[in-house]
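Residues per chain are reported as follows:
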Amino acid sequence: MLLIKSPITGTSFTYTCPSGEQKVESYIVVAVNTAGESDLSGAQDLIIGTPYAMPFTESFKSGAFTYYWETDLQSGLMKTTFEAPASDGDGYALKVKGYASSSSYAVGKPYYAKFTSGKIDLTDAVAPQLTFDVKGDASPTITVYAITNDNTKTKIGQFNAQK
């Protein structure tokens, strides 16, 4: 564990995000006073590093992500692979597949896979566009959100992909 700041007086601390390659870091806060130390208090994971510049284009030319992506594959009920061919001509497409499960967690619930890109600098973007191809065994519903610097999550749109 890396100690960022100690001691902190008052009730807040402003952390300056480092530049460089994007990655996720988790932070823990421990309060200390005359009564002793508190239990560990975890904060939300933060994507740190320099935001990607526009235009931002992801490609799977080597059969892997080119940039930082955080993935949530619903407790192992989803699997991703990179498969050829791809409609954009780069050789590979990301394929998402759900697996049937009889666990009480999965019964009656839709499968989902969540992909969160690294930070993208939209400062000078006038009318940014998001274009993507989907490959899978079904016709998934794709929901797109934007998360701003103050961690506000806004639903941009919902799309039904064609099989």
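Residue numbers run consecutively from 1 along every chain, following the written order of its sequence. Per-residue local features are limited, in this predicted model, to residues with pLDDT of at least 70; the limit for side-chain atom pairs, both in listing and counting, is 80 or more; totals at the level of whole chains, interfaces and linings are taken over all residues. Water and hydrogen atoms were dropped before computing side-chain values, which therefore reflect all heavy atoms in the structure.

Any carboxyl oxygen of Asp or Glu within 4 Å of a side-chain nitrogen of Lys or Arg constitutes a salt bridge here. Under the counting rule described, the total for this entry stands at 2 salt bridges. The residue Lys23 makes a salt bridge to Glu25 at a minimum N-O spacing of 3.7 Å. Summary of the burial criterion: residues with accessible area below 20% of their type's maximum are buried, those above 50% are exposed, and those between are partly exposed, where the area comes from a 1.4 Å probe applied to protein chains only. Residue Lys23 is classed as partly exposed on the basis of its relative accessible area of 43%.

Attention now goes to the side chain of Glu58. Note on conventions: DSSP H or I runs of at least 4 residues are helices, E runs of at least 2 residues are strands, and numbering of each starts at the N terminus. With respect to the helices and strands, Glu58 occurs in the loop between strand 6 (46–48) and strand 7 (69–72). Summary of buried charges: Glu58 has no salt-bridge partner, and the nearest side chain of opposite charge, Lys61, is 9.5 Å away. Polar contact is the term for a pair of N or O atoms within 3.5 Å; when the atoms are in protein, one must be able to donate a hydrogen and the other to accept it, and sequence-neighboring residues count only if both atoms are side-chain atoms. Here the side chain of Glu58 touches Tyr67 through a polar contact of 3.3 Å, landing on its backbone nitrogen. Engagement of the side chain of Glu58 in a polar contact is seen with the side chain of Trp69, the distance being 2.6 Å. Any pair of residues with heavy atoms lying within 4.5 Å of one another is described as a contacting pair. The residues touching Glu58, leaving out its near neighbours within four places in the chain, are Phe65, Thr66, Tyr67 and Trp69. We score Asp and Glu as negative and Lys and Arg as positive, and we do not count His or the chain ends.

Before going further, it helps to spend a moment on a nonpolar patch on the surface. Each patch is built from residues that are more than 30% exposed by relative accessible area and take part in no salt bridge. Like charges join if they lie within 9 Å; nonpolar side chains (Val, Leu, Ile, Met, Phe, Trp, Tyr) join within 5 Å. The Shrake-Rupley method, run with a 1.4 Å probe, gives the accessible areas here. Residue values count only the displayed protein chains as cover. Residues Ile28, Val30, Val32 and Leu40 make up a contiguous nonpolar surface patch of about 370 Å² in total accessible area. Within the secondary structure, Val30 is located in the loop between strand 2 (28–29) and strand 3 (32–33).

In short, the description is geometric, and any link to function would need to be established separately.
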